[in-house]
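What the coordinates show
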Amino acid sequence: QVQLVESGGGLVQAGGSLRLSCAASGSTFSINLMGWYRQAPGKQRELVARISSGGRTDYAESVKGRFTISRDNAKNTVYLQMNSLKPEDTAVYYCNAQGSYSLYWGQGTQVTVSS
């Protein structure tokens, strides 16, 4: 089992920045891919960014150039640096960890961007 604990959400004005962190504990050796998803009210959960254990990254088109995902394998922690935030980035952000046969989710952290 893997436990994921997120931190760093909050309220920020449009154009501002936030940094999310997600610390993994437990059977972290099984994790290949870590990422961030988000879900806005009335919408489906969507991928924001993900990073492999080797450092390969993927981003949603809507956040390219504004968000940066990074990973500290020694600390089993993944980060999401969010710059130039927009009101449409408002959502609950969920950390995700994937192994070969398993999928884990964090509890979610609220990000609210005011206009």
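For the structure itself, consult the block above.
Here goes a summary of the coordinates provided. Everything quoted here is computed from the prediction, not taken from an experiment.

**Describing the overall build of the chain**
Across its full length, the chain carries zero helices and eleven strands. Ordered by position in the sequence, the α and β elements of the chain form the string β-β-β-β-β-β-β-β-β-β-β. Overall, the chain is about 40 × 25 × 20 Å in size when its C-alpha atoms are taken along their principal axes. Counting across all 115 residues of the chain, residues that qualify as buried make up 41%. Across the chain, the fraction of contacts at a sequence separation of at least 24, relative to all contacts at a separation of at least 6, is 53%. When the accessible surface of the chain is summed, it comes to about 6,100 Å², and 47% of that surface belongs to carbon and sulfur atoms. Separation between the mean location of the 11 positive side-chain charges and that of the 7 negative ones in the chain comes to 2 Å.

**With respect to the state of the cysteines**
Following the criterion strictly, the structure yields one disulfide and no others. A disulfide bridge connects Cys22 with Cys95, and the sulfur atoms are separated by 2.0 Å. Sign of the S-S torsion, about -85 degrees for the bond between Cys22 and Cys95, identifies this disulfide as left-handed. Of this pair, Cys22 sits in strand E3 (residues 18–26) while Cys95 sits in strand E9 (residues 91–99), placing them 73 residues apart in sequence. The burial state of Cys22 is the same as that of Cys95; both residues are buried.

**So, the sheet that holds strand E7 (residues 67–72)**
Sheet architecture is open: four strands sit in the order E1-E3-E8-E7, paired in antiparallel fashion. Each edge of the sheet is formed by a strand with only one pairing partner; in this case those strands are strand E1 (2–7) and E7. Strand after strand, the sheet turns through a mean of 15 degrees between neighbouring axes, direction not considered. Note that E3 and strand E8 (residues 77–82) share six bridges and pair antiparallel. Across the sheet, the residue bridging to Leu18 is Met82, located in E8.

**Looking at the side chain of Thr28**
Note on placement: Thr28 falls in the loop between E3 and strand E4 (31–39). For Thr28, a relative accessible area of 19% gives the class buried. When residues no more than four places from it in sequence are discounted, the contact partners of Thr28 are Val2 and Asn76.

**Observations concerning the packing of aromatic side chains**
Scanning all chains against the criterion turns up two aromatic pairs. Centroid distance Tyr37 to Trp105: 5.1 Å. Interplanar angle 75 degrees. Geometry classified as edge-to-face. Residue Tyr37 is found in strand E4, and its partner Trp105 is found in strand E10 (residues 103–105); the two are separated by 68 residues along the sequence. Taking the relative accessible area as the measure of exposure, Tyr37 reaches 16% and is therefore buried. Accessibility expressed as a relative area gives 35% for Trp105, which makes it partly exposed. A centroid spacing of 6.5 Å and a plane angle of 90 degrees characterise the contact between Tyr94 and Trp105, whose relative ring orientation is edge-to-face.

**Some remarks on the pairing of E8**
Consecutive side chains along a regular strand alternate between the two faces of the sheet. Burial runs high along E8: five of the six residues are buried. A loop of four residues connects E7 with E8, the two strands running antiparallel in sequence, and Asn76 in this loop sits at a positive phi of about 50 degrees.

**Re the nonpolar core**
Counting residues in each nonpolar core, the largest one holds 28 residues, and the members touching the most others are Leu4, Met34, Trp36, Leu80, Met82 and Tyr93. Those elements giving two or more residues to this core turn out to be E1, E3, E4, strand E5 (46–52), E7, E8, E9 and strand E11 (109–114). When sequence neighbours within four positions are dropped, the list of residues in contact with Leu4 reads Cys22, Ala23, Ala24, Met34, Cys95, Asn96, Ala97, Tyr104, Trp105, Gly106 and Gln107.

Analysis parameters
- Residues numbered from 1 in each chain as written.
- Predicted model: local features only at pLDDT ≥ 70, side-chain atom pairs only at ≥ 80, totals over all residues.
- Heavy atoms only, no water.
- Helix = DSSP H or I, 4+ residues; strand = E, 2+ residues; numbered from the N terminus.
- Buried < 20%, exposed > 50% of the residue type's maximum accessible area, 1.4 Å probe, protein only.
- Contact = heavy atoms within 4.5 Å.
- Areas by Shrake-Rupley, 256 points an atom, 1.4 Å probe, with all protein chains shown as cover.
- Lys, Arg positive; Asp, Glu negative; His and termini not counted.
- Charge placed at Lys NZ, Arg CZ, Asp CG, Glu CD.
- Disulfide = S-S within 2.5 Å.
- Pairing = 2+ DSSP bridges.
- Axes fitted to C-alpha atoms, helices over the stretch in contact; angles between N-to-C directions.
- Phe/Tyr/Trp six-rings, centres within 6.5 Å; stacked < 30°, edge-to-face > 60°.
- Core = buried A, V, L, I, M, F, W, Y, C linked by side-chain atoms within 4.5 Å.

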